[in-house]
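Structure assessment
Next come the chains, spelled out residue by residue.
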Protein chains: 2
Amino acid sequence: MRKRMRESTNESAVTRLRAAGLRPTRQRNELADLLFRDGHRHLTAETLHADAVSKGIRVSLATVYNTLHQFTNSGLLRQVMVDSTRSYFDTNVTEHQHFYYEEDGMLADIPGSEEIAVGNIPDAPEGTKVARVDVVVRLTRS
Amino acid sequence: MRKRMRESTNESAVTRLRAAGLRPTRQRNELADLLFRDGHRHLTAETLHADAVSKGIRVSLATVYNTLHQFTNSGLLRQVMVDSTRSYFDTNVTEHQHFYYEEDGMLADIPGSEEIAVGNIPDAPEGTKVARVDVVVRLTRS
DNA sequence: TTCACTGCAAATGATTTGCAAAGCA
DNA sequence: TGCTTTGCAAATCATTTGCAGTGAA
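I will try to describe carefully the structure that is included in this document. (Residues numbered from 1 in each chain as written. Chains lettered and ligands numbered in written order. Predicted model: local features only at pLDDT ≥ 70, side-chain atom pairs only at ≥ 80, totals over all residues. Heavy atoms only, no water.)

**Quick look at the sheet that holds strand 4 (residues 98–101) of chain B**
Ordered by their spatial adjacency, 6 strands build an open sheet running 5(A)-4(A)-7(A)-7(B)-4(B)-5(B), and the pairing between neighbours is mixed. Two strands in the sheet have a free side with no partner beyond their single neighbour: strand 5 (106–109) of chain A together with strand 5 (106–109) of chain B. This sheet shows a mean twist of 30 degrees between the axes of neighbouring strands, independent of strand direction. The pairing of strand 4 (residues 98–101) of chain A with strand 7 (residues 128–141) of chain A spans 4 bridges and is classified as parallel. Each bridged residue has a counterpart across the sheet, and for A:His98 the counterpart in strand 7 of chain A is A:Val136. (Pairing = 2+ DSSP bridges. Helix = DSSP H or I, 4+ residues; strand = E, 2+ residues; numbered from the N terminus. Axes fitted to C-alpha atoms, helices over the stretch in contact; angles between N-to-C directions.)

This is how it looks when you write it as structure tokens:
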């Protein structure tokens, strides 16, 4: 009895991992598939792990944490700071801004066409350089 | 032998607390003094507690946490999201923006004269309203 | 007196880590 | 084979909470 070969690990995931200098292991491949197969996503370690498990992917929470950080360090993901209790990650690493729904703990991209105009960025203080400008629009129920 | 009366609990602290609807207890008074006596400050629960203890103020870390949240809920402090591991608080509750020195975990106001121009703020999605627009300029060593 | 507040220690929850087993090159 | 990566469970760290004692009105 041979194990059924799921159509996992699509080419792009492997390619993406190699390009990022990460060894394409089963777990990384499958998580990369989840993360990048469809459109952009916002997620936490817990939600990604739950999603993986629900799709039959066998991976530990610890590995999800490790993977999220490796992906972030490799530029595949971006970490978004909106909640002091949880870490959010965003598969969209291009420059963009966020809505954060405080009551729901939900994060969403601000559509490109509606982005806030960020102008007049101050000079970075002596000895530093600007790594990023984060803009978060916090929303509450009206 | 009577206890030496330190010039603690200055009037403004008590007034400020009453105005915020908080009962002026010894701990709250002394913490408010630390927080608002001098210029604006950026701090974490740990740093405030350490500062208090070093100045001879007897207060537990748990009370510092409680107090920071009560002050925040009363509008005396503002919580700033920059680091997923720690909560930062800012005594400046007026609209302004921050520099965050990633390597040092240090937070600083961007001088008002150099603030980023935030324009074209998008409409809040159906059923929500904009609570705040957070702008953080992340700095790394150059 | 009464209810809010405080401190302590224990509980929590997210995240990290040590280490042996398993996997990739 | 040799160095990575993974998984598990234990450890950590910031923060919160239960509860009995203390304090403010």
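**A closer look at the interface of chain B and chain A**
Interface size, as often reported, equals the accessible area lost upon joining of the parts. The interface is formed by 38 residues belonging to chain B together with 38 residues belonging to chain A. When chain B packs against chain A, close to 3100 Å² is buried across both sides, 57% of that on carbon and sulfur atoms. In this structure, the connection of chain B to chain A is made through 2 salt bridges. Across the salt bridge formed by A:Asp134 and B:Arg138, the nearest N and O atoms sit 2.8 Å from each other. The tally of links from chain B across to chain A stands at 20 residue pairs in polar contact (both at pLDDT 80 or more). (Contact = heavy atoms within 4.5 Å. Buried area = accessible area lost by both parts, 1.4 Å probe. Salt bridge = Lys/Arg side-chain N within 4 Å of Asp/Glu carboxyl O. Polar contact = N/O pair within 3.5 Å; in protein donor to acceptor, adjacent residues only side chain to side chain.)

**Details of the pairing of strand 4 of chain B**
Residues and elements named next belong to chain B. Judged by which residues are buried, strand 4 turns out to be covered on both faces: His 98 and Tyr 100 on one side and Phe 99 and Tyr 101 on the other are all buried. Of the pairings in the sheet, the one linking strand 4 to strand 5 comprises 4 bridges and is antiparallel in character. Within the sheet, the bridge partner assigned to Tyr 100 lies in strand 5 and is Leu 107. Where strand 4 hands over to strand 5, the hairpin turn is made up of 4 residues, of which Gly 105 adopts a positive phi near 60 degrees. (Buried < 20%, exposed > 50% of the residue type's maximum accessible area, 1.4 Å probe, protein only.)

**Structural notes on the protein's contact with DNA strand C**
In the region of DNA strand C, 21 residues are neighbours, and A:Tyr65, A:His69, B:Thr25, B:Gln27 and B:Thr63 sit closest. Close to the protein, within 4 Å, the atoms of DNA strand C are drawn from sugar and phosphate at a rate of 82%. In the environment of DNA strand C, a phosphate oxygen lies 2.9 Å from a nitrogen or oxygen atom belonging to the backbone of A:Ser87. Take B:Arg23: an N or O atom from its side chain is 3.3 Å from a sugar or linking oxygen of DNA strand C. Where the surface near DNA strand C is concerned, the elements lending two or more residues are helix 4 (61–73) of chain A together with helix 2 (26–36) and helix 4 (61–73) of chain B. Tallying contributions element by element places helix 4 of chain A first for the surface near DNA strand C, with 4 residues. Taken together, the residues of the surface near DNA strand C break down into 5 nonpolar, 8 polar and 8 charged. (Near = heavy atom within 4 Å. Nonpolar A, V, L, I, M, F, W, Y, C, P; charged D, E, K, R; others polar.)

**Topic: the side chain of A:Gln97**
All names here are of chain A. Residue position: Gln 97 is located in the loop between strand 3 (88–90) and strand 4. The buried category is assigned to Gln 97, whose relative accessible area is 6%. If we ignore the near neighbours within four places in the chain, the residues touching Gln 97 are Ala 108, Asp 109, Ile 110, Glu 115, Ile 116, Val 118 and Val 135.

That's the geometry; what it means functionally is another story.
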